[in-house]
Amino acid sequence: MTQMKVHIKSFGCQMNRLDTALVRSSLQQVGLCLTDSVKDADIVLINTCSVREHAEQRVISHLGHLKHIRKSRPDIVVGVIGCMAQRLGEKLLEHEAVDIVCGPTQIPQIAKLVADIFVSRKKEIAVTEKILKKTTQKQNLALEEFESVFSREDENIPGQAYVRVMRGCNNFCTYCIVPYVRGPEVCRPPGAIIEQIKRLADNGIKQVTLLGQTVNSYEYKQGEKTWSLADLLAAASDIDGIEWLKFVTSYPSEEFFDDIMHIMAASEKVCSYLHIPAQSGSDKILRAMNRRYDSRQYLELLERAREIVPGIAIAGDFIVGFPGETEEDFRATVELTKKAEYRNAFIFKYSPRPDTSADKKLPDTVPAEIKQKRNVELLAVQEKISERLSRNFLGKQVKVMVEGLSKKSHIDSTGGNPQLVARTATDYIVVFNGPESLAGHFVEVKIINTSPLTLFGELVHEY
Ligand code: 5AD
Ligand code: SF4
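Residues numbered from 1 in each chain as written. Chains lettered and ligands numbered in written order. Predicted model: local features only at pLDDT ≥ 70, side-chain atom pairs only at ≥ 80, totals over all residues. Heavy atoms only, no water.

Participant: Please provide a residue-by-residue account of the overall build of the chain, values included.
Facilitator: Looking only at helices and strands, one finds 15 helices and 21 strands in the chain. Along the three orthogonal principal directions, the C-alpha set of the chain runs to about 60 × 55 × 55 Å. For the chain, the proportion of its 463 residues judged to be buried stands at 55%. Across the chain, every contact between residues at least 6 apart in sequence was considered, and the portion connecting residues at least 24 apart equals 71%. Here the chain displays about 20800 Å² of accessible surface, and carbon together with sulfur accounts for 50% of that area. Both charge centroids of the chain, one from 60 positive and one from 60 negative side chains, sit 4 Å from each other. (Helix = DSSP H or I, 4+ residues; strand = E, 2+ residues; numbered from the N terminus. Buried < 20%, exposed > 50% of the residue type's maximum accessible area, 1.4 Å probe, protein only. Contact = heavy atoms within 4.5 Å. Areas by Shrake-Rupley, 256 points an atom, 1.4 Å probe, with all protein chains shown as cover. Lys, Arg positive; Asp, Glu negative; His and termini not counted. Charge placed at Lys NZ, Arg CZ, Asp CG, Glu CD.)

Participant: Let's hear about the site of ligand 1: which residues, and what values?
Facilitator: Val-51, Arg-52, Tyr-175, Gln-279, Asp-317, Ile-319, Phe-348, Lys-349, Tyr-350, Ser-351 and Arg-353 make up every residue found near ligand 1. The contact in question runs from an oxygen atom of ligand 1 to an N or O atom on the side chain of Gln-279, over 2.7 Å. In this structure, a nitrogen atom belonging to ligand 1 sits 2.8 Å away from a main-chain N or O atom of Ser-351. For the shell around ligand 1, the elements supplying multiple residues, two or more each, are strand E15 (313-320) and strand E16 (344-349). Residue composition of the shell around ligand 1, grouped by class: five nonpolar, two polar and four charged. (Near = heavy atom within 4 Å. Polar contact = N/O pair within 3.5 Å; in protein donor to acceptor, adjacent residues only side chain to side chain. Nonpolar A, V, L, I, M, F, W, Y, C, P; charged D, E, K, R; others polar.)

Participant: Summarise the site of ligand 2; cite the residues concerned and give the values.
Facilitator: Inspection of the region around ligand 2 gives Cys-13, Asn-16, Cys-49, Ser-50, Val-51, Cys-83, Ile-177, Val-178, Arg-182 and Gln-213 as its neighbouring residues. Looking at which domains feed residues into the shell around ligand 2, each of domain 1 (5-126) and domain 2 (151-255) supplies at least three. (Domains from an automatic or database assignment.)

Participant: Now, about the domain arrangement of the chain: what can you tell me, with residues and values included?
Facilitator: Here the chain is described as being made up of domain 1 (5-126), domain 2 (151-255), domain 3 (272-391) and domain 4 (397-462). Contacts between the two partners involve 17 residues from domain 1, matched on the other side by 17 residues from domain 2. Regarding the contact of domain 1 and domain 2, the summed buried area is about 1600 Å², with carbon and sulfur atoms giving 57% of it. Where domain 1 touches domain 2, the interface holds three salt bridges. (Buried area = accessible area lost by both parts, 1.4 Å probe. Salt bridge = Lys/Arg side-chain N within 4 Å of Asp/Glu carboxyl O.)

This is the structure we're talking about:
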């Protein structure tokens, strides 16, 4: 298979992005080379997301395109991996364009599935039959090995890497597909996580983002000691070479919360950024979502975070138009958004997901136009807050980690340098002109202009 070329397209969250990176390096190890173009590819893999219907529709339309390509290139192999593969299984395999279906738990087998198909020329499927059951010891070991062998720098962001601390989720928020596609929660052993971060640091990684669906509920019993996320962050802070540590996504819960905030305050390396979705500001809707807090408890957590870590930046997620959400419920969400003072909020329209208990028990009653109207209104409320918070940066100097060329990169007529995109420790996006060679490095930037979601600056100095 030496000359075979593989193209991988990735949808979805950071978990998926990490899976894509692992798959990519596992395929390179067996001699495949990567290509950015579907036209050149012998194998096309799509890593999929099921969190909203829209994400799945994008994949289906992509498969339609591949079906068309296949008419002129019948030998091309197409694999669907990830959450949608697990959700739809055999049904996806029936799609004319699809040869391989591989769930998130089976990604360590991907190189073998690809190799097998070139021999057998038969469709291949690897998904978990009973996804709600605990993963087996054998599966966990395979995933552990896959994770540690193929972990490396994020392909698009030099100097940075994602490290998973847990897989799956046990929360069963009534709207959410995750437990049905990624299975029950499994926390990785702290030793393996720390070793992995050390190796990444030895290879020049400066920023690590710890990943988990509810990353703050990480818990691992080892002898007498129970490791929490705070312990992981403390241990990772001791690793030479690692300069910034971030973690996503947090669940609003008391458990370990103060410990995590205290290590954030104490360690210069743990970035003062907390992504902690509220989902709704209405207590009635929070109960219907099976979230285990009310709006008052949620706001108290934010208050404590701000007391312990002055200057912390907080981001949130909301779902608008959840079944039964009245105008009054939505007003409560607007109120909570105003009080929360997020630096940024991600707002989604409720999308019923098959198998989830909301979909089974609660009809999708809020009309599409109302969902849209609430989405637009909440975005506007948040934009005002973001704009005000961004403006505080005017004239200030901030340390940023440079990610690379800005997507809308253009050459500045004065300096001749391209536009770069970077992030602050508090996850603000900063755009400035500078040499591309700064990607993966820390620099100091002076902020000269702001918009709600982006700060614009001038390079002051490199570190
Ligand atoms: N519909 C709309 N948004 C959803 N999310 C999760 N499930 C759904 C759904 N069924 C949102 C939540 C979560 C983010 C990753 O996606 O806000 O925090
Ligand atoms: Fe990530 Fe959830 Fe989408 Fe899977 S379904 S890719 S876990 S957001």
